[in-house]
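Observations on the three-dimensional arrangement
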Amino acid sequence: MFKLYGDGDRPSTDCDRLYRSFLENKAIAYKIFAYALLNLREQLQNLREQLQNLWEQLHNLWEQLQNLWEQLQNLWEQLQNLWEQLQNLWEQLQNLWEQLQNL
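Summary of the structure given here.

Parameters and conventions
- Residues numbered from 1 in each chain as written.
- Predicted model: local features only at pLDDT ≥ 70, side-chain atom pairs only at ≥ 80, totals over all residues.
- Heavy atoms only, no water.
- Helix = DSSP H or I, 4+ residues; strand = E, 2+ residues; numbered from the N terminus.
- Buried < 20%, exposed > 50% of the residue type's maximum accessible area, 1.4 Å probe, protein only.
- Areas by Shrake-Rupley, 256 points an atom, 1.4 Å probe, with all protein chains shown as cover.
- Patch = residues over 30% accessible without salt bridge, like charges linked within 9 Å, V, L, I, M, F, W, Y side chains within 5 Å.
- Salt bridge = Lys/Arg side-chain N within 4 Å of Asp/Glu carboxyl O.

Below, the discussion takes up the overall build of the chain. Within the chain, the secondary structure is distributed over 1 helix and 0 strands. Counting all 103 residues of the chain, 1% fall into the buried class. Only carbon and sulfur atoms are counted for the fraction: they give 61% of the accessible area of the chain, which is about 10500 Å².

Pasting the structure below:
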């Protein structure tokens, strides 16, 4: 009668060696898979941090854009006011010229 694997009463067969090799390879495969999962987890954490940084930068850029828009609006108002002042000065100059001609 044949004895079961591992009972130590018979030399190992090719089948036994293949099975042990399979188990060893399976253990190595699980270690590689676990390492890959840990690596993936670290990469995802890094990606999350990068996305957070990009979001903060985008938020800061949006605030800067809003500030620039307000400054542009203020400059436009100042330009309009200066234009009105220039028109008023021109009218005054024309009035003065007419007065000089009438002297």
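Moving on: a nonpolar patch on the surface. A contiguous nonpolar patch, built from F33, L37, L40, L44, L47, L51 and L54 and spanning about 680 Å² of accessible area, is present on the exposed surface. Along the chain, L37 turns up in helix α1 (residues 14-102). With relative accessibility at 45%, the residue L37 sits in the partly exposed group.

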